[in-house]
Amino acid sequence: QVQLVESGGGLVQPGGSLRLSCAASGITFSIYDMGWYRQAPGKQRELVARLTSGGRTNYADSVNGRFTISRDNAKNTVDLQMNSLKPEDTAVYYCKAIRVVGNWVYWGQGTQVTVSS
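Description of the structure in this document. Here the structure is a predicted model, which means the values were calculated and not measured.

## Description of the pairing of strand β1 (residues 3–7)
Because side chains alternate across β1, one face comprises the buried residues Leu4 and Glu6, and the other comprises Gln3, Val5 and Ser7, none of which is buried. Two strands pair when backbone bridges link them, and β1 and strand β3 (residues 18–25) are joined in this way by five bridges, in the antiparallel orientation. Bridge pairing links Leu4 to Ala24 in β3.

## Considering the nonpolar core
If you look at the biggest cluster of nonpolar residues, it comprises 30 residues, and the most contacted ones within it are Trp36, Leu80, Met82 and Tyr93. Of all the secondary-structure elements, those providing two or more residues to this core are β3, β4 (33–39), β5 (46–51), β7 (67–72), β8 (77–82), β9 (91–99) and β11 (111–115). In this view, Tyr93 contacts Glu6, Leu20, Trp36, Tyr37, Arg38, Val48, Phe67, Leu80, Met82, Gly110, Thr111 and Val113; residues no more than four positions away in its chain are not counted.

## Describing the side chain of Asp89
Tracing the backbone through its elements, the reader meets Asp89 in the loop between β8 and β9. Taking the relative accessible area as the measure of exposure, Asp89 reaches 0% and is therefore buried. Polar contacts involving the side chain of Asp89 include one to the side chain of Arg66, which spans 2.8 Å. Not counting residues within four places of it along the chain, the set of residues in contact with Asp89 comprises Arg38, Val63, Arg66, Phe67, Ser84, Val113 and Val115.

## Considerations on the environment of Cys22
Within the secondary structure, Cys22 sits in strand β3. Residues Cys22 and Val78, 56 residues apart in the sequence, show an inter-C-alpha distance of 5.3 Å. Once residues within four sequence positions are removed from consideration, Cys22 is found in contact with Leu4, Val5, Glu6, Trp36, Asn76, Thr77, Val78, Asp79 and Cys95.

Cut-off values and rules
- All residue numbers refer to positions counted from 1 along the written sequence of the respective chain.
- A pLDDT threshold of at least 70 governs which residues receive local features in this predicted model, and a stricter bar of 80 or more applies before side-chain atom pairs are shown or counted, although totals over entire chains, interfaces and linings include all residues.
- Side-chain descriptors were evaluated using all non-hydrogen atoms of the structure, hydrogens and water having been removed beforehand.
- A 1.4 Å probe rolled over the protein chains alone gives each residue an accessible area, and that area as a share of the maximum for its type sets the label: buried under 20%, exposed over 50%, partly exposed in between.
- Labels follow the DSSP assignment, with helices taken as runs of H or I lasting at least four residues and strands as runs of E lasting at least two, numbered in each case from the N terminus.
- Two strands make a pair as long as DSSP finds a minimum of two bridges between them.
- Residue types Ala, Val, Leu, Ile, Met, Phe, Trp, Tyr and Cys, when buried and joined through side-chain atoms within 4.5 Å, form a set referred to as a nonpolar core.
- Residues are treated as being in contact if the distance between any of their heavy atoms lies within 4.5 Å.
- Here a polar contact is recorded for every N or O atom pair within 3.5 Å, except that within protein the pair must consist of a potential hydrogen donor and a potential acceptor, and residues adjacent in sequence are included only if both atoms are side-chain atoms.

Function-wise, these values are silent; they only describe arrangement.
If you want it as structure tokens, here you go:
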């Protein structure tokens, strides 16, 4: 019943841009913290960006200044604008919804981002 569906991934050249989107259903979206995570081959999943229900943001040092997380509570979506992409940004990107009160956590299925010339 609860679904998080990512879209917008693909192949892009170094220095290019992509915009990822995550559409949520089955939850009261506005009260959830939302995050983007990524996992590269052979590496652990890591936090990319987080946007709380109250509007606070946090970014990984490796993407700070290049990526921007935003949300639209009217559309139940959270986006990740990725600029100045580097090959090391190549990974599967996952959307995560977190309800701190009650410890509810949901994950999307992931979308592939490949940065290569």
